[in-house]
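Geometric and topological summary
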Amino acid sequence: MPEKKQKQSSEHSSSQPFIREIPENANRERLLQNDPDVFAAIRGEEERERRGIELIPSENYTYPEVLAANGSILTNKYAEGYPGRRYYGGQEFTDRIERLAIERAQKVFGAEHANVQALSGSPMNQAVYLAFLKPGDTVLGMDLSHGGHLTHGAPVSHMGKLFTFVRYKTDPENAGKIDFDALMKTALETKPKIVLCGYTSYPRDYDYEDFKKVADAVGAITMADISHIGGLVAAGVMSNPLASGFDIVTTTTHKSLRGPRGSLILCKAKYADVIDKSVFPGLQGGPHMQTIAAIAVALGKALAPEFKQYAEQVLKNARALAARLAENGATLITGGTDNHMMVIDTVKSFGIDGKQAEIILDSVSITTNKQIIPDDPNPPLRPSGIRLGTPAATTRGMKEEEMIRIGDWMTAALKHFRDDRLLGGIRRDVEAFCRRYPVPGLD
Ligand code: DSN
């Protein structure tokens, strides 16, 4: 090898980094100097997240380490393909990162195969449908108003137009139970290719074995979208559909899992190839390597014993908050919760719709979201309820005692929403209370 080249390669070896370490805040400082408008908006959001109680059940505060990976120079790199099989050069580190994310996902969830590239929740589910279905094929999925997701066949979604989604419902008067005899009958009549369970507003756990029986009776693939409870399944505090023999499990990584905005598709080894090809090149181009690095970090955290304690506390907090809200006169859809979330029928409880309730709670620095309830007579932008959950508040260190205070503030505000003085007082109390609970990545 010529002398010059040898010298270059030793200069650039990983044991002798030739880049300077950038001081932690230098990039923020540059943003402040060069784009004060964007900087100010980010600062505003930081302050909002610190000042109030975050109860949207699909949100969380991620780890500082995830923020570091997600904001890294990995955003510069194109990496179409999979580790060891890329289309562009320079993949030494991206391959290492993606392999780490895959191995950790397999370990955390007990999965035979993991794809970590789908950009977020919607493409993740689309990739699964497109892997197994032809246009017009049938999927059995949960009705949107009973807790299903937009990508589970809502008529306004592209997937709802491309495939035939047949909806099943729950019995809100009977703890949200699903009638599996009826589901079996529907499956035998409609011959779905996929039997899908999963939710965004279903406050209960599933019996995955029953879904599997239905799917097996018609030779369908079993698919569970556990986006909301991904962290709780990872920690082993809620049932894992893979343990019941499910074929495909999808989850976003930014909800109870506390990672970056991304997703995982977990599946049996026999589906690895069809799933990987469906994500790339079927649906997407270059994966977001900064996100994949941040997913690897979050999955590393999920393997630690502290994460199980966190997940257990999320559930305890949800039970405590649900119990207090019910004691204070709130009507909870299905009568309670088995997971991290609850849905309140605000029309029945307080005589106001979900949009009004969301605005009232916003005004006292408690963030929730308006929510349709089963077979809601009201439209989605003015539905009959709100949805709330405990992952984010638990991340800040709040426990059952704090949940009781939050339940009291919420019901006082919703019952006496015309009393501006009372609302002002609650807001001050909430904001003073929040100062005691640090936000990871900010405090
Ligand atoms: N937007 C997410 C949720 O809040 O459940 C799912 O897409």
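It should be noted that the structure appears before, not after, this text.
In short, a report on the structure. (Residues numbered from 1 in each chain as written. Predicted model: local features only at pLDDT ≥ 70, side-chain atom pairs only at ≥ 80, totals over all residues. Heavy atoms only, no water.)

Points about the site of the ligand
Lining the immediate environment of the ligand, one finds Ser58, His149, Thr200, His228, Lys255 and Arg387. Contact distances for the ligand include 2.6 Å between an oxygen atom and a side-chain N or O atom of Ser58. Relative to its unbound accessible surface of 230 Å², the ligand loses 63% to contact with the protein. Residues belonging to the shell around the ligand are distributed by class as follows: no nonpolar, four polar and two charged. (Near = heavy atom within 4 Å. Polar contact = N/O pair within 3.5 Å; in protein donor to acceptor, adjacent residues only side chain to side chain. Areas by Shrake-Rupley, 256 points an atom, 1.4 Å probe, with all protein chains shown as cover. Nonpolar A, V, L, I, M, F, W, Y, C, P; charged D, E, K, R; others polar.)

Thoughts on the sheet that holds strand β9 (residues 248-252)
Overall, mixed pairing links the seven strands, which are arranged β4-β10-β9-β8-β7-β5-β6 in an open sheet. Looking at the sheet topology across the chains shown, the edges are occupied by β4 (113-115) and β6 (164-168). Each neighbouring strand pair of the sheet contributes to a mean axis angle of 20°, computed without reference to strand direction. One ladder, built from five bridges, connects strand β7 (residues 194-198) with strand β8 (residues 221-225); its direction is parallel. Bridge pairing links Val195 to Thr222 in β8. The sheet contacts of helix α6 (residues 121-132) involve β6, β7, β8, β9 and β10 (263-267), and relative to β9 the element is tilted by about 160°. Its contacts with the sheet put helix α11 (residues 272-283) on β4, β9 and β10, and the angle it makes with β4 is roughly 0°. (Pairing = 2+ DSSP bridges. Helix = DSSP H or I, 4+ residues; strand = E, 2+ residues; numbered from the N terminus. Axes fitted to C-alpha atoms, helices over the stretch in contact; angles between N-to-C directions. Contact = heavy atoms within 4.5 Å.)

Structural notes on helix α13 (residues 305-327)
With 23 residues, α13 extends 34 Å between its outermost C-alpha atoms, agreeing within 8% with the 33 Å of an ideal straight helix rising 1.5 Å per residue. Once α13 finishes, Gly329 follows within two positions and takes phi at roughly 100°, a positive value. (Expected span 1.5 Å × (residues − 1).)

A look at the nonpolar core
Counting residues in each nonpolar core, the largest one holds 62 residues, and the members touching the most others are Phe109, Tyr206, Phe211 and Leu266. Examining the composition of this core, we find that nine residues originate from one element, helix α12 (residues 289-302), more than from any other. When sequence neighbours within four positions are dropped, the list of residues in contact with Leu266 reads Ala105, Phe109, Ala111, His113, Ala114, Leu242, Asp247, Ile248 and Val249. In terms of nonpolar packing, the next biggest core, distinct from the first, is built from 34 residues, Ala320, Leu325, Ala393 and Leu414 among them. (Core = buried A, V, L, I, M, F, W, Y, C linked by side-chain atoms within 4.5 Å. Buried < 20%, exposed > 50% of the residue type's maximum accessible area, 1.4 Å probe, protein only.)

Some thoughts on the state of the cysteines
Overall, the coordinates contain zero disulfides when judged by the stated rule. Here Cys267 is not cross-linked by a disulfide; its sulfur's nearest cysteine counterpart is in Cys197, at 16 Å. In this structure Cys267 comes out as buried when scored by relative accessible area, which is 1%. (Disulfide = S-S within 2.5 Å.)

Comments concerning the pattern of salt bridges
Applying the stated rule across the entire model yields 24 salt bridges. Between Arg50 and Glu47 there is a salt bridge, with the nearest N and O atoms lying 3.0 Å from each other. A residue pair is termed a helical-turn pair when its members lie 3 or 4 positions apart in one helix, as Arg50 and Glu47 do in helix α3 (residues 36-51) at three residues. A salt bridge links Asp143 to Arg167; the nearest nitrogen and oxygen atoms lie 4.0 Å apart. Taken together, the residues Asp143 in the loop between β5 (138-142) and α7 (158-162) and Arg167 in strand β6 connect sequence positions 24 residues apart. Given a relative accessible area of 13%, Asp143 falls into the buried group. (Salt bridge = Lys/Arg side-chain N within 4 Å of Asp/Glu carboxyl O.)

Concerning the sheet that holds strand β12 (residues 341-345)
With antiparallel pairing, the four strands of this open sheet are ordered in space as β11-β12-β15-β14. A single partner strand is all that each edge strand has here, and the edge strands are β11 (331-332) and β14 (369-371). For β12 and strand β15 (residues 385-389), the ladder comprises five bridges, and the chain directions are antiparallel. By the bridge assignment for β15, Met341 is matched with Gly389.

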